[in-house]
Amino acid sequence: MAGAIIENMSTKKLCLVGGALLVLQVLAFLVGGLIAPKPTTSVDFLAVKCVDIRKSHHGAPKWLLPWGRDRCDSIRGFEEAASRLIEANDIVFSVHIPFQSQEMSPWFQFMLIILQLDIAFKLNNYIEENAMVTLDVAMAYRDELSDPWTELARSVEQRKLKCTFPVAQTTENQGRYYDCDVLPLIELGSVAHKYYLVNIRLPVNERKKINVDIGEINDLRLVTIFQNGGFTQVWFAMKTFLTPSILIIMIWYWRRITMMTRSPVLLEKVIFALGISMTFINIPVEWFSIGFNWTWMLLFSDIRQGVFYVMLLSFWIIFCGEHMMDQSERNRISVYWKQVVPIAFGSCCLFIFDMCERGVQLKNPFYSIWTTDVGAELAMAFIIVAGICACLYFLFLCFMVYQVFRNISGKQTSLPAMSKARRLHYE
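None of the values given here were measured: they were computed from a predicted structure.

## What to know about the overall build of the protein chain
Within the protein chain, the regular secondary structure consists of 10 helices and 12 strands. Across the 427 residues that make up the protein chain, the buried fraction comes to 38%. A separation of at least 24 residues holds for 77% of the contacts in the protein chain among residues at least 6 apart in sequence. Here the protein chain has roughly 24,600 Å² of accessible surface; of this, 63% comes from carbon and sulfur atoms.

Structure follows, in structure tokens:
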């Protein structure tokens, strides 16, 4: 068995190995908790209302900057727009990421942007139930302030407004703001450029009922969330240090197993597979994302975590099952199909959900499966099914642990009556 390697080690060696592992664990917690900064940072941007008066908005894109030498013609509020006879279709909300005199960095790893609408209550312009806001949104990037903007993505997206008014909807309360849920806008799996520009237009078309009965939108706020560069560096360093250690231990373990006169048993193979999955999740391939624009890194990280957790959950099931000494059917993976099927099925559901979300975002970073009723119900269905599978797994595992302890307790009472060879076997 796998425990034979540990059993053959002296007490001194076991203490040294256990102490070394404990010290490494304490150091990892100290580095992660005391040295590394917090994992993520959020920055709030207030969009500037730019004026874009053109007969046609088709053709070559025109990028409107909120500040700088080429800053756009802007207005303070919609009262000024009305006095200047500027229509809603000619107003573009512009946000430059990051702030002036700052730069983005590939060390930030990802960028999530959520949208907050400041909607004022008006008796003649209230928010209808299940109102949808249509966003004509475009995003561009550049690496030097003198470079022209390069389009990253452009799309027309719809988001459902979920707003409540905290007080009575009366004349006295006109002008107060609704409490609205934030809306997902953009998710980038890589921050490969220094400067980003977001232009958002709220097109109005009364005949097609586009952006009608959505209230009086006064401002747009973009909240940008990204990983701290300092945290990324500490995280990469720890993975780079730990990966060779895990790899060496795994090779040493399998070499000791193959040196035995018998062939490896199922539990030993599963432990080795768990070590492979641990090595797979810890290999610091993220170093390449600093020099390459790998937008699929978030999806790849989810897949690596999924493989590791599938192996870990399967290991605990097989570990318990192989300790049932009186069980005649052992040392075969097919014996545990009832317990492994919920793990595999739940993992497939989560993988499909992830592909429907982050897989599509590789082509359209503005996409979110939660923005439509059908998509939200489908996503929730996948999550519920995965949760049911997790509950079934937990029940299976608890039952097997109970059986193991009952089996061990029964054998302990009958050990004195056994022969010496049989007693050593059970011990």
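## Digging into the pairing of strand β11 (residues 195–201)
Across the seven residues that make up β11, a large majority, seven, are buried. Of the pairings in the sheet, the one linking strand β4 (residues 91–97) to β11 comprises six bridges and is antiparallel in character. Residue pairing across strands places S94 opposite N199, the latter belonging to β11. As paired strands, strand β6 (residues 132–142) and β11 are joined by seven bridges and run antiparallel to one another. The partner of M139 across the bridge, within β11, is V198.

## Re the pattern of salt bridges
Side chains bearing opposite charge may pair, as long as their charged atoms lie close to each other. Under the criterion given, the structure shown has 16 salt bridges. With its nearest N and O atoms 2.5 Å apart, the salt bridge here joins D219 to K49. Of this pair, D219 sits in strand β12 (residues 216–227) while K49 sits in strand β2 (residues 48–51); the two residues are 170 residues apart in sequence, bridging distant segments of the chain. With a relative accessible area of 15%, D219 lands in the buried category. Residues E151 and R154 are paired through a salt bridge, measuring 3.2 Å at the closest nitrogen-oxygen approach. Within this structure, D52, K62 and R201 form a network of salt bridges that share partners.

## Quick look at the state of the cysteines
The tally for this structure, following the rule as stated, stands at two disulfides. Sulfur-sulfur distance for the disulfide between C50 and C72 comes to 1.9 Å. Taking the sign of the S-S torsion, about -60 degrees here, the bridge from C50 to C72 comes out left-handed. Here the residue C50 occupies a position in strand β2, and C72 occupies one in the loop between β2 and β3 (74–75), the gap between them amounting to 22 residues. Each bonded cysteine of the protein chain is numbered by sequence order, and under that numbering the disulfide pairs are 1-2, 3-4. Of the cysteine sulfurs around C320, a residue in no disulfide, the closest is that of C398, at 9.5 Å. Residue C320 is classed as buried on the basis of its relative accessible area, which comes to 9%. Cysteine C389 shares no disulfide, and the gap to the nearest cysteine sulfur, in C349, comes to 5.9 Å.

## Observations concerning the packing of aromatic side chains
Going through the model one piece at a time under the given rule, you end up with 20 aromatic pairs. Grouping aromatic residues by their ring pairs yields a cluster made of F280, F288, F292, W294, W296 and F300.

## Re the UniProt feature "transmembrane region" (unreviewed entry) in the protein chain
Mapped onto this numbering, the UniProt entry annotates "transmembrane region" (unreviewed entry) at residues 234–254, 266–283, 303–321, 333–353 and 378–402. Counted over residues 266–283, helix gives 94% and strand 0%. Its end C-alpha atoms are 26 Å apart.

## Some remarks on the sheet that holds strand β7 (residues 150–160)
Pairing in this open sheet of six strands is antiparallel, and the strands run β3-β2-β4-β11-β6-β7 from one edge to the other. A strand with exactly one partner marks an edge of an open sheet, and here the two such strands are β3 and β7. Direction of pairing for β2 relative to β3: antiparallel, over a ladder of two bridges. Following the sheet pairing, K49 is matched in β3 by I75.

## Some points on helix α7 (residues 297–321)
With 25 residues, α7 ought to run about 36 Å at 1.5 Å a step, and its terminal C-alpha atoms sit 36 Å apart, in line with that. Listing the buried residues of α7 in full gives M297, L299, S301, R304, F308, S314, F315, I317, I318, C320 and G321.

## Here's the deal with unusual backbone geometry
The linkage connecting I97 with the following residue, P98, adopts the cis geometry, with an omega of 0 degrees. Structurally, the position occupied by P98 is in the loop between β4 and β5 (111–120). Positive phi, normally seen in glycine, also occurs at L85, with a value near 60 degrees. Mapped onto the fold, L85 is located in the loop between α3 (78–83) and β4.

## Concerning a nonpolar patch on the surface
A contiguous nonpolar surface patch, about 850 Å² in accessible area, is contributed by L350, W370, M380, I383, I384, I388, L392, F394 and L395. For the nonpolar patch, the leading source of residues is helix α9 (residues 373–414), giving seven residues. Of note, F394 is situated in helix α9. In this structure F394 comes out as exposed when scored by relative accessible area, which is 52%.

## Description of the pairing of β6
For β6, the buried fraction is high: nine of the 11 residues fall into the buried class. The pairing of β6 with β7 spans 10 bridges and is classified as antiparallel. Across the sheet, the residue bridging to M132 is K160, located in β7.

## Points about the packing of helix α4 (residues 229–258) against helix α5 (residues 266–282)
Direction vectors running N to C along α4 and α5 enclose 160 degrees, while the axes themselves pass 9 Å from each other. In terms of axis orientation, α4 runs roughly antiparallel to α5. The two elements α4 and α5 meet at a crossing, and its hand is left-handed. Contacts from K239, T243, I246, L247, M250, Y253, W254 and I257 of α4 reach α5 at E268, K269, I271, F272, G275, I276, M278, T279, I281 and N282. Per-class residue counts for the contact of α4 with α5 are 11 nonpolar, four polar and three charged.

Each value, and the rule that gives it
Residues numbered from 1 in each chain as written. Predicted model: local features only at pLDDT ≥ 70, side-chain atom pairs only at ≥ 80, totals over all residues. Heavy atoms only, no water. Helix = DSSP H or I, 4+ residues; strand = E, 2+ residues; numbered from the N terminus. Buried < 20%, exposed > 50% of the residue type's maximum accessible area, 1.4 Å probe, protein only. Contact = heavy atoms within 4.5 Å. Areas by Shrake-Rupley, 256 points an atom, 1.4 Å probe, with all protein chains shown as cover. Pairing = 2+ DSSP bridges. Salt bridge = Lys/Arg side-chain N within 4 Å of Asp/Glu carboxyl O. Disulfide = S-S within 2.5 Å. Phe/Tyr/Trp six-rings, centres within 6.5 Å; stacked < 30°, edge-to-face > 60°. UniProt positions renumbered as here; feature names shortened; annotations may be inferred. Expected span 1.5 Å × (residues − 1). Patch = residues over 30% accessible without salt bridge, like charges linked within 9 Å, V, L, I, M, F, W, Y side chains within 5 Å. Axes fitted to C-alpha atoms, helices over the stretch in contact; angles between N-to-C directions. Parallel < 35°, antiparallel > 145°, perpendicular 65-115°, else oblique. Left-handed = near helix turned anticlockwise from the far one by under 90°. Nonpolar A, V, L, I, M, F, W, Y, C, P; charged D, E, K, R; others polar.

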